[in-house]
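Spelled out, the chains give:
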Amino acid sequence: MSDYVSPVGQGIPRLETRDKITGKAVYADDMSRPDMLFGVIVPSPHAHARIAGYDVSAALALDGVVAVVTGEDIGDHKIGPFIKDETALAVGKVRYMGEPVAAVAAVDLETAKQAARLIDIAYEELPAVFDTDAAMAEDAPVLHENSGDYIKVFEADSDGNAMAIIEIVEGDVASAWENCAAIVEGSYETQAQCHSYMEPCSALAEIDSNGKITIWSSNQSVFHVQAFTADALGIPMSKVRCVTPQVGGAFGGKMEQTVQPAAAALARATGRPVKVTLTREQDFEMIRARHPGKVWMKTGAAADGTLLAREVRIVLDAGAYADDSPGVAGIAALFCRGPYRIENVSIESRPIYTNKLRSGAFRGFGGPQVAIAGETQIDEIADRLGLDPIDVRLKNAVRPGEEWMIGVALNKAGLSECLNRVRAASGWDEKRKAAPNGSGRRRGIGVACIPHISGVLTSGAIVRILEDGTAVLNTGAVDNGQGSDTVLVQICAAALGLDVDRVSVATPDTDGSPYNWGTTASRVTYMAGRAVVAASEDAVNQLKQRAAIMMECAEEDLELRDGGRIGIKGVPEAEVGFRDISGFSHWVAGGPVIGTNSLAYDGPDFDPKRGFLRGFPFGKIGAWIFAAQAVEVELDEATGRITPLKIWSAHDIGKAINPTAVEGQIQGGIVQGLGYALCEEMVWDSGRLANPSFMDYKIPGIADVPPQIETILVEDPDEDGPFGAKGIGEPPIVGIAPAISNAVAHAAGIRLRRLPMTPERVLRTLKE
């Protein structure tokens, strides 16, 4: 009997742990190339202005300066994932304060900074709009006058500064209100949140003698970097090679362009390697944020708690450029009904241009903005009807085998088990019945539920069996620190019957890696993992072909055995190891064993017969993830401070490939959710970001994290996922804010409708 144990389900340490602990891990800003220059980007001082001219002579005259590039030098080549409305450096006019306008390369960083200050750009200021209400007014200045000429990758109406109008309609909402015993409605407001990754954006670009540019950068997809850099410079993609070293966090903020096109433009202008690394303040002001949102919602239910109708209007502040805003607005529309059966819905979602920093992808991707509205209204309905909030959720929770949302069929749905597990673990029933303790400190407990997607678009994988019988895995998927390299190696090793130390993972490189859309949408484990399983199976089939020749038997008589062996079925002693097979393949017959796979999610399209769906930027979505989270808080009525005491988080994950990594993802998402709920907020003053540093932008520290965070893994393997796995990256952040809000309502009887729930806002609401 083999003593082999499958790596799937084992909480092994991350592959890169030792390098990160010892400081050997190499990030983009750690890199250096011979004769390298340093680049600095010049930001716009205005929120909205025409560029009247450039004078770069003083900068070029400075000793040590090699080149200056502007938007005119690069050209008016539009980029953008949904709407191509942006250039790498501003052309014609600027639309937010901090927008890149020029870039300079010099022999050292201090000289480059000094030269940047010497670049003289003339502006003609234009009227600006700094919030969505002003941007939607009839007399508002239109930020993109030629938006009708932009390339869009989806069909959606637009109107003035509304870049897209997304609608989802099912049933008959107008008639459904008549049957409701309880109806609640309200307006909710959420803030801009900074991604707050540890590593600021950085890129090193080098051009060879044939004009090919290689870029090493901190990113979430080498293939996105390749595509938008080629678009921005107006060159073929084959002239751009992108490689990813270690990445110090991203959370959505590095999915689209950051500083790569500017670094590439400087490398092309100088013929030398150029590195551009933003300061923390520049990263705050220049890259992207979570969308601020305004949500009006109305929900109705029957006397027994059955949800009958929901009407929603969502307005997201997209900032100056579209970026991922149409996608975020579409997913927000999809998520705003929550993980519940509501037959009658009417939803409209609009991302709006304003003269502020662009908003983009952020962990949760539209879910957090609408969860605060939807999940607090479930509690309000429960209060109106005298029902327990968890009972109302259980009554309406989506179930396996049901059709849900525009014809989406659910093969798996573990929401009810998540709720029941959270209920038992938290002591919910006893705590909800207990009267809030007095003396100015009140305790309460609240709950929230989450739906989320896991897997969209395309992935590929290559599995090579080396001469010694070990394997190299290449997926093109970027590990941003979440541990995906480790999980994909575990999947590959399990599919090959190998130990993980016999499988290595290749660095993402557009010249050698198979295509992977990106590390986003909680998709890497589910989508790249499926490609890895299929590529591994392809390699095993090739190993069987070679082994059949070696063992003089039929291929169909062979089986994969643990420990990296191929054997004859029913004959335990008749087997040959991967090493011998690979040696035979390399030196005798058959050729090297290289398993490959490419796939796109091939699930069903949304069914238009179930309702009217307009402008939604996604047609197919993979597995669905569900979760339930409960938070116990203490509210100090004297100071307004909310202190989370305990958190319980149950997630329907399919199968935990690496339980330790899953728990880490959940805990990290919870802490980020605490920041979103209680303290994080980017604040603008007439277009200027007023708090672009961690001196003034508060993120949770160790003292802000409750001593007890209990993660509950609900495992029901998904038939399409690799070894049954689904994603886990995003759901943990989504339910924390509404669960805290509901806990505060339980403790003090107040409803907080604006995030973050700062002590000042709590006190104001208590007084009101």
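Predicted, not measured: the structure shown is a model, and the values here were computed from it.

Participant: Report on the overall build of the chain, specifying residues and quantitative values.
Facilitator: Per the secondary structure count, the chain includes 21 helices and 32 strands. By the compact-globule yardstick of 27 Å for 768 residues, the chain fits well, its C-alpha radius of gyration being 27 Å. With respect to the three principal axes, the spread of C-alpha positions in the chain is 80 × 75 × 50 Å. Of the contacts formed within the chain by residues at least 6 apart in sequence, a portion of 80% connects residues at least 24 apart. Accessible surface for the chain amounts to roughly 27,800 Å². Of this, 48% is attributable to carbon and sulfur atoms. The positive charge centre, built from 72 side chains, and the negative charge centre, built from 102, are 3 Å apart in the chain.

Participant: Summarise the packing of helix 16 (residues 524-551) against helix 17 (residues 578-587); cite the residues concerned and give the values.
Facilitator: At a minimum axis distance of 10 Å, the contact between helix 16 and helix 17 shows a crossing angle of 85 degrees. Put simply, helix 16 runs roughly perpendicular to helix 17. Between helix 16, through L543, R546, A547, I549 and M550, and helix 17, the contact on the second element is made entirely by F578, D580, I581, F584 and S585. Residue composition of the contact of helix 16 with helix 17, by class: 7 nonpolar, 1 polar and 2 charged.

Participant: An account of the environment of F578 is needed here, citing residue identities and associated values.
Facilitator: Looking at where F578 falls in the secondary structure, it is placed in helix 17. With sequence-adjacent residues up to four places away left out, F578 is seen in contact with G469, L496, L498, L543, L560, G564, R565 and I566.

Participant: So what's going on with the side chain of N474? Which residues, and what values?
Facilitator: Here N474 is to be found in strand 21 (residues 471-474). From its side chain, N474 meets the backbone oxygen of G512 in a polar contact 3.2 Å long. Residues contacting N474, with those up to four places away along its chain left out, are G460, A461, I462, A506, G512, S513 and P514.

Participant: Give me the lowdown on the pairing of strand 16 (residues 344-353), citing residues and values where you can.
Facilitator: Among the 10 residues that make up strand 16, 9 are buried, leaving the element largely enclosed by the rest of the structure. Sheet analysis places strand 8 (residues 162-170) next to strand 16, joined by 6 bridges and oriented antiparallel. Residue E170 lies in a different strand from strand 16, and its bridge partner there is V345. Bridging between strand 15 (residues 307-319) and strand 16 involves 10 bridges; their strand directions are parallel. Opposite L316, over in strand 16, you have P351 as the bridge partner. Crossover handedness for the path strand 15 to helix 10 (residues 325-335) to strand 16: right-handed.

Participant: Go over the domain arrangement of the chain, please, and point to the residues and values.
Facilitator: It is common to give the size of an interface as the accessible area that goes away when the parts come together. Here the chain is partitioned into domain 1 (17-23 + 458-600), domain 2 (31-126 + 198-249 + 254-286) and domain 3 (293-455 + 607-767). Centre-to-centre separation of domain 1 and domain 2, based on C-alpha positions: 38 Å. Carbon and sulfur atoms supply 52% of the area that domain 1 and domain 2 bury against each other, a total of about 1,400 Å² over both sides. When the area that domain 1 buries against domain 2 is broken down by residue, the three leading residues are V478, N480 and T510, summing to 37%. Viewed at the interface, domain 2 and domain 1 are joined by 3 salt bridges.

Participant: Could you give an account of unusual backbone geometry, with specific residues and numbers?
Facilitator: A cis amide bond links L755 with the next residue in sequence, P756, at an omega value of -5 degrees. Structurally, the position occupied by P756 is in the loop between helix 20 (736-748) and helix 21 (759-767). The phi dihedral of L457 falls on the positive side, at around 60 degrees, and the residue is not glycine. Take L457: it is sitting in the loop between strand 19 (441-454) and strand 20 (458-465). Within the chain, F723 stands out as a residue other than glycine whose phi angle is a positive 55 degrees.

Rules used in this analysis
Residues numbered from 1 in each chain as written. Predicted model: local features only at pLDDT ≥ 70, side-chain atom pairs only at ≥ 80, totals over all residues. Heavy atoms only, no water. Helix = DSSP H or I, 4+ residues; strand = E, 2+ residues; numbered from the N terminus. Rg over C-alpha atoms; globule rule 2.2 N^0.38 Å. Contact = heavy atoms within 4.5 Å. Areas by Shrake-Rupley, 256 points an atom, 1.4 Å probe, with all protein chains shown as cover. Lys, Arg positive; Asp, Glu negative; His and termini not counted. Charge placed at Lys NZ, Arg CZ, Asp CG, Glu CD. Axes fitted to C-alpha atoms, helices over the stretch in contact; angles between N-to-C directions. Parallel < 35°, antiparallel > 145°, perpendicular 65-115°, else oblique. Nonpolar A, V, L, I, M, F, W, Y, C, P; charged D, E, K, R; others polar. Polar contact = N/O pair within 3.5 Å; in protein donor to acceptor, adjacent residues only side chain to side chain. Buried < 20%, exposed > 50% of the residue type's maximum accessible area, 1.4 Å probe, protein only. Pairing = 2+ DSSP bridges. Right-handed = clockwise from strand over helix to strand, strands pointing away. Domains from an automatic or database assignment. Buried area = accessible area lost by both parts, 1.4 Å probe. Salt bridge = Lys/Arg side-chain N within 4 Å of Asp/Glu carboxyl O.

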